[in-house]
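# An overview of the molecular structure
So the chains spell out like this:
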Amino acid sequence: MGCIGQLPGMGGVFENRNFQLNCSAWKQIRDNNPELVDAIHNMPVTRDKLRCGPVTGAEQNIGYANEKDFYYPYLSSSKKAGIGVCVGDGCPDEKLQYGLEAAKDCGFTAPENPDDLNLCVAGAAFFLKPYPLEVLKKRIEIIKDTASFIGMDIDSYNILTMRKLVNLEKKTAEDLGAFRSLFTQPFVIKGVFTAEDVELVKQIKPDVVFISNHGGRIETRVGSTAEFLVNYGEELKKYCRELWIDGGIRTKEDIQTALYFGADRVILARPVISALTKGGAPEVERLVLALTE
């Protein structure tokens, strides 16, 4: 309900409408399905089910004086708390470099056997925006020895904060196939949130489908990731090895709801950022403890 329309900033589009729907939908699902509440509450939540989200733009969105100062504390405190990490890219290019350096400093390396998802889970997932293929080739080259997953942020061609800054494209199934051929790590399609995206998943059959509306920061249809999971999760799982989700997840019950409806991993961004800026690594640990114990 705060930061209304603050982009850059921590807000979302449509006067925060999708951001608000993301947050409220998890409880609404439980309220609408009281017969499922006991089963939802019995879902075990372990730390390996959680990851911090791919975040850049620490200066313009969070308020850091220096962009580089954000990345290592964000990744290292998440790793110390026992959850997985995600690394994003952005404009200017230094943002990816800062995230890569922080991931290396945290000890992350590419898995010896990328076909084994269990080996990849503890590693760093890297997400690239939908640049032209020649740009993506260069970015993959610099992250390939560190990344355990490599994903495409398919919806971010439409992100408000990057318009007119860089050349981003709406990718086709053929484009995504060409991207996927550039690496051996498990492939993630991030930003799945529309019926059109579901059809794209059916064609590509990625290793991981990541349901997301970019925290309500993308101009897309009005709705929540929670309702999208309920409506499409079962179908999507036929075409991938794992299903990930983010968006408005704030409580252990929210995580349990996501897991009950088929999510394999739950990704948190704003809660981890808030904890980090409030009290550093100890506060991130307290957050994770509250979500898992």
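I will try to describe carefully the structure that is included in this document.

About the cut-offs
Along each chain, residues carry numbers from 1 onward, in the same order as the chain's sequence is written. With the structure being a predicted model, the display of local features is reserved for residues of pLDDT at least 70 and the display and counting of side-chain atom pairs for 80 or more, all residues being used for whole-chain, interface and lining totals. Neither water nor hydrogens contribute to the side-chain values; these are computed over all heavy atoms in the structure. Only DSSP runs of H or I covering at least 4 residues are called helices, and only runs of E covering at least 2 are called strands; the numbering of each starts at the N terminus. In this description the radius of gyration comes from C-alpha coordinates, and the expected globular size is given by 2.2 Å times residues to the power 0.38. Only protein chains enter the accessibility calculation, which uses a 1.4 Å probe; a residue whose area is less than 20% of its type maximum is buried, one above 50% is exposed, and one in between is partly exposed. Areas reported as accessible are Shrake-Rupley estimates using a 1.4 Å probe. Residue values count occlusion only from the protein chains shown. Counting rule applied: Lys, Arg positive; Asp, Glu negative; His and chain ends not counted. To locate a charge, take atom NZ for lysine, CZ for arginine, CG for aspartate or CD for glutamate. Helices are assigned an expected span. That span is 1.5 Å times one less than the residue count. Of all possible arcs, the one meant is that of the directions from the helix axis to the C-beta atoms. Contact definition: two residues touch when any of their heavy atoms are within 4.5 Å. To pair, rings of Phe, Tyr and Trp, with the six-membered ring standing in for Trp, must have centres within 6.5 Å; the planes then decide the type, stacked if under 30 degrees apart, edge-to-face if over 60, and tilted in the middle. We count a charge as sitting over a ring when the NZ of a lysine or the CZ of an arginine lies within 6 Å of the ring centre and within 35 degrees of the ring normal. Convention adopted: a line fitted to C-alpha atoms gives each axis, helices being fitted over their contacting stretch, and angles between N-to-C directions are expressed from 0 to 180 degrees. Our angle categories are set so that under 35 degrees counts as roughly parallel, over 145 as roughly antiparallel, 65 to 115 as roughly perpendicular, and the remainder as oblique. For this classification, the nonpolar set comprises Ala, Val, Leu, Ile, Met, Phe, Trp, Tyr, Cys and Pro, the charged set comprises Asp, Glu, Lys and Arg, and every other residue, Gly included, is treated as polar. Only protein atoms enter the 1 Å grid, on which a cavity is a set of points fitting a 1.4 Å probe that cannot get out and a pocket is an open set with protein on both sides within 12 Å along at least 5 of 7 lines, lining residues being those with an atom within 4 Å of a point. Grid points are joined across faces, edges and corners, and a volume is the space filled by probe spheres set on the points. Two strands make a pair as long as DSSP finds a minimum of two bridges between them. Looking down the strands as they point away from the viewer, one classifies a crossover as right-handed if the path from the first strand across the helix to the second runs clockwise.

### Points about the overall build of the protein
Check the secondary structure of the protein and you find 12 helices and eight strands. Against the globule reference of 19 Å for 293 residues, the protein gives a C-alpha radius of gyration of 17 Å, in line with a compact fold. Counting all 293 residues of the protein, 55% fall into the buried class. With an accessible surface of roughly 12,400 Å², the protein has 50% of that area assigned to carbon and sulfur atoms. For the protein, the separation between the mean place of its 35 positive charges and that of its 40 negative charges on side chains is 2 Å.

### A look at unusual backbone geometry
Residue Pro 8 follows Leu 7 across a cis peptide bond; omega there is 0°. Each neighbour pair has its own omega, and for Cys 91 with Pro 92 the value is 5°, a cis peptide bond. Mapped onto the elements, Pro 92 comes out in the loop between β2 (85-88) and α5 (94-105). With phi around 55°, Phe 14 is a residue other than glycine that occupies positive phi space.

### Section: helix α10 (residues 225-236)
Compared with the 16 Å implied by 1.5 Å per residue over 12 residues, the 13 Å span of α10 between its first and last C-alpha is markedly short. Restricting attention to buried positions, one finds in α10 the residues Thr 225, Ala 226, Phe 228, Leu 229, Gly 233 and Leu 236. Axial view of α10: buried residues confined to an arc of 120°, hence all on one face. What points out from α10, more than 90 degrees from its buried face, is the exposed set Asn 231 and Glu 234. Lining the buried residues of α10 we find α1 (17-32), β5 (187-192), α9 (195-204), β6 (208-211), β7 (242-245) and α11 (252-260).

### Side note on the side chain of Asp 89
When you line up the elements, Asp 89 lands in the loop between β2 and α5. Asp 89 sits in the buried class, given a relative accessible area of 0%. Not counting residues up to four positions away in its chain, the partners in contact with Asp 89 are Thr 56, Leu 96, Phe 127, Leu 128, Lys 129, Tyr 131 and Arg 139.

### Regarding the packing of aromatic side chains
This structure, assessed with the given rule, holds 13 aromatic pairs. Between Phe 127 and Phe 210, the aromatic rings sit 5.7 Å apart at their centres with planes inclined by 70°, giving edge-to-face as the arrangement. Taken together, the residues span a long stretch of sequence, with Phe 127 in strand β3 (residues 124-128) and Phe 210 in strand β6 at a distance of 83 residues. Both residues of the pair, Phe 127 and Phe 210, count as buried. By the ring-pair criterion, three or more aromatic residues cluster together here, those being Tyr 64, Phe 70, Tyr 71, Tyr 74 and Tyr 98. If you follow Lys 79 out to its NZ or CZ, it ends over the ring of Phe 108, 5.0 Å from the centre. When the ring centre of Phe 19 is taken as reference, the NZ or CZ atom of Arg 270 above it lies at 3.6 Å.

### Some thoughts on the packing of α1 against α10
Relative orientation of the contacting elements α1 and α10 amounts to 50°, with a least axis distance of 7 Å. In terms of axis orientation, α1 runs oblique to α10. Residue-level contacts link Asn 22, Ala 25, Trp 26 and Ile 29 of α1 to Thr 225, Ala 226, Glu 227, Leu 229 and Val 230 of α10. Classifying every residue of the contact of α1 with α10 gives six nonpolar, two polar and one charged.

### Let's talk about empty space enclosed by the protein
Take a probe with the size of a water molecule and roll it over the atoms, and the empty space left behind shows itself. For the structure shown, the criterion picks out one cavity of 30 Å³ or more. Residue lining of the largest cavity: Val 55, Tyr 71, Tyr 74, Leu 75, Cys 86, Val 87 and Gly 88, and that is the complete set. Those elements that provide at least two residues to the lining of the largest cavity are α4 (71-80) and β2. When its residues are assigned to classes, the lining of the largest cavity shows six nonpolar, one polar and no charged.

### Quick look at helix α7 (residues 133-143)
At 3.6 residues per turn, the α-helix brings residues three or four places apart onto the same side. Taken together, the buried positions of α7 are Leu 136, Arg 139, Ile 140 and Ile 143. Looking down the long axis of α7, one finds its buried residues gathered within 100° of arc, a one-sided arrangement. Considering only its buried residues, α7 is in contact with α5, β3, β4 (147-153) and α8 (173-180).

### Concerning the pairing of β3
When you tally the buried positions in β3, you get five out of five residues, the bulk of the element. Going residue by residue along β3, you find Ala 124, Phe 126 and Leu 128 tucked away on one face and Ala 125 and Phe 127 tucked away on the opposite face as well. Alignment of β2 against β3, held across four bridges, turns out to be parallel. Across the sheet, the residue bridging to Gly 88 is Phe 127, located in β3. Direction of pairing for β3 relative to β4: parallel, over a ladder of five bridges. The residue bridging Phe 127 from the neighbouring strand is Gly 151, located in β4. For the crossover that starts at β3, traverses α7 and ends in the parallel β4, the hand is right-handed.

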